[in-house]
Every structure is written in C-alpha cells, then in structure tokens.
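The primary structure of each chain is shown beneath.
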Amino acid sequence: SHLYFFNKNLSNELRLAVTGMNSVNKIDSLVRDFTSGKVQKIIYRGSNNYYQYKYTLREQINYKLSAKSNISAGFFAEYMQINLADSFLNGGVFHKYTDIHENTMLFRTYTQFAHRFNDKLSINLGLHHLYFALNKHQAIEPRASIKYQATEKQTLSFGYGLHNQIQPLQTY
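Residues numbered from 1 in each chain as written. Predicted model: local features only at pLDDT ≥ 70, side-chain atom pairs only at ≥ 80, totals over all residues. Heavy atoms only, no water.

**Notes on a nonpolar patch on the surface**
Right, so step 1: On the surface, a nonpolar cluster with roughly 350 Å² of combined accessible area is contributed by L14, L16, L57 and F75.
Right, so step 2: Summarising the element assignment, L57 is placed in strand β3 (residues 39-64).
Right, so step 3: For L57, a relative accessible area of 32% translates into the label partly exposed. (Patch = residues over 30% accessible without salt bridge, like charges linked within 9 Å, V, L, I, M, F, W, Y side chains within 5 Å. Areas by Shrake-Rupley, 256 points an atom, 1.4 Å probe, with all protein chains shown as cover. Salt bridge = Lys/Arg side-chain N within 4 Å of Asp/Glu carboxyl O. Helix = DSSP H or I, 4+ residues; strand = E, 2+ residues; numbered from the N terminus. Buried < 20%, exposed > 50% of the residue type's maximum accessible area, 1.4 Å probe, protein only.)

**Some words on a positive patch on the surface**
Right, so step 1: Taken together, the side chains of K8, K64, K68 and R116 make up a positively charged region of the molecular surface.
Right, so step 2: Looking at the secondary structure, you find K68 in the loop between β3 and β4 (69-90). (Lys, Arg positive; Asp, Glu negative; His and termini not counted. Charge placed at Lys NZ, Arg CZ, Asp CG, Glu CD.)

**Thoughts on the pairing of strand β5 (residues 93-116)**
Right, so step 1: Taken together, the 22 bridges between β4 and β5 define a ladder with antiparallel strand orientation. Bridged to A73 within β5 is T111.
Right, so step 2: Hairpin connection of β5 to strand β6 (residues 121-132): four residues between the antiparallel strands. (Pairing = 2+ DSSP bridges.)

**Digging into the layout of surface pockets**
Right, so step 1: Within this model, the largest pocket holds a volume of roughly 190 Å³.
Right, so step 2: Lining of the largest pocket is provided by 13 residues; of these, L106, R108, L130, N164 and Q165 occupy positions nearest its centre.
Right, so step 3: Among the secondary structure elements, those contributing two or more residues to the lining of the largest pocket are β4, β5, β6 and β7 (137-149).
Right, so step 4: A breakdown of the residues in the lining of the largest pocket according to their chemical character gives five nonpolar, four polar and four charged. (1 Å grid on protein atoms, 1.4 Å probe; cavity = no way out; pocket = protein on both sides within 12 Å on 5 of 7 lines; lining within 4 Å. Points joined across faces, edges and corners; volume = space filled by probe spheres on them. Nonpolar A, V, L, I, M, F, W, Y, C, P; charged D, E, K, R; others polar.)

**Some points on unusual backbone geometry**
Right, so step 1: Of note, K136 is a non-glycine position whose phi angle comes to about 60°, a positive value.
Right, so step 2: Relative to the helices and strands, K136 is located in the loop between β6 and β7.
Right, so step 3: The exposure class of K136 is exposed, given its relative accessible area of 61%.

**A word on the pattern of salt bridges**
One side chain can pair with another of opposite charge once the charged atoms of both are near each other.
Right, so step 1: What the rule picks out here adds up to five salt bridges.
Right, so step 2: The closest approach of N and O atoms between E13 and R58, which form a salt bridge, is 3.8 Å. Linking E13 in strand β2 (residues 10-32) with R58 in strand β3, this pair joins segments that are 45 residues apart in sequence. This pair shows no difference in class: E13 is buried, exactly as R58 is.
Right, so step 3: Among the salt bridges present, the one from E78 reaches K54, with a minimum N-O distance of 3.9 Å. Taken as a pair, E78 in strand β4 and K54 in strand β3 lie far apart in primary sequence, 24 residues in all.
Right, so step 4: A residue is classified by how much of its surface remains accessible, and K54, at 28% relative accessible area, is partly exposed.
Right, so step 5: Counted as one network, the salt bridges with shared partners bring together E13, R15 and R58.

**Considering the nonpolar core**
Right, so step 1: One finds Y50, M80, I82, L84, L106, L130, F132 and L169 forming the largest nonpolar core, which totals eight residues.
Right, so step 2: Only β4 and β6 provide two or more residues apiece to this core.
Right, so step 3: Looking at this core element by element, the count peaks at three residues for β4.
Right, so step 4: Setting aside its immediate chain neighbours within four residues, L130 contacts L106, F107, R108, H137, Q138, A139, E141 and N164. (Core = buried A, V, L, I, M, F, W, Y, C linked by side-chain atoms within 4.5 Å. Contact = heavy atoms within 4.5 Å.)

**Observations regarding the environment of R108**
Right, so step 1: On the secondary structure map, R108 appears in strand β5.
Right, so step 2: In this structure R108 comes out as partly exposed when scored by relative accessible area, which is 29%.
Right, so step 3: C-alpha separation for the pair R108 and L3, spaced 105 residues apart in sequence, amounts to 20 Å.
Right, so step 4: Polar side-chain contacts of R108 include one of 2.6 Å to the side chain of E78. (Polar contact = N/O pair within 3.5 Å; in protein donor to acceptor, adjacent residues only side chain to side chain.)

Here it is as structure tokens:
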C-alpha cells in the first residue's frame, strides 16, 4: 500500500494484493485382513487438484471539497486464475469429471460523495460499476445512505444499494 498526499485536500492511495488457495486430495480405499487388522491392499480411486489465485490492484483518489464534504473515486482490477481437475476410477478406467483452466478479469470503478450537514446529520452518495470479463456481464450499482446521530449512543441510519457479486469461477 502506498499513500501520497499531493496537498492538504488531495491524496492518492495505491494497493497491490495477491491471494491464493490450493487443495489437493487423493481418494483411496484400504482392504484389511479382518483377523489381524493389517492392510492387505490400497486401491487408488481418484484425485482432485484445485487452486485459485487472485491479483488485485486498487487505486483511490480522495479530494476534500470543504470541511464538511469530500469526494473519492477509484478502481479495482482483479486478475483471477483457476485450475480445477478431478478424476475417479470407475470400472477399472479413470474418468476425468472436471477439467477447468480459466483466467479472467474483474474491473470495478466507483465514485462516492460524503457530506456532513452538521454534527448530527450526514449523507453518502455513490455509484459503482462492475465488469466481469469471463461472461461480459456489467452492472451499474447506485448507493445512498443517511445517518442521524440522535444522542451520543444512539444513531439512526438508512441505506440503499445494489450490490452484484461473482460466484465461484467454476460456476461459469
């Protein structure tokens, strides 16, 4: 993460992240001698290998319009890799049930405006855009909220937003 202040009202933040998961499973059966309990034979039944990696770049710029208002805008770019392969022994022959090797991108852009009318009342307005390259799906997502601080310990908030999400890549 890198945060840079151009001046007292304008800042920029850049983040880079890598996440991943890997799972390898082998499926087998044991044949035991019932009197001694010793394993006589191991029968290999199949395996699966699954991994998914995600590389994320996030850029955000913040601008303080006044002591009570600010605006921020930015984007996320995510590169995703998936490998899902499994096979099982059936009738003495290995059958590959799944063999997925995919790469795709997810792009998200957003802008948000926040205004504090006074110490008790504030609003947030935003607009997000999502584009998923694998199936060429895109969505516009408006968002809004209002918050009223009734007392020091009581807050009343209302919010509205459309939120899309991608499913696990093997779903597509």
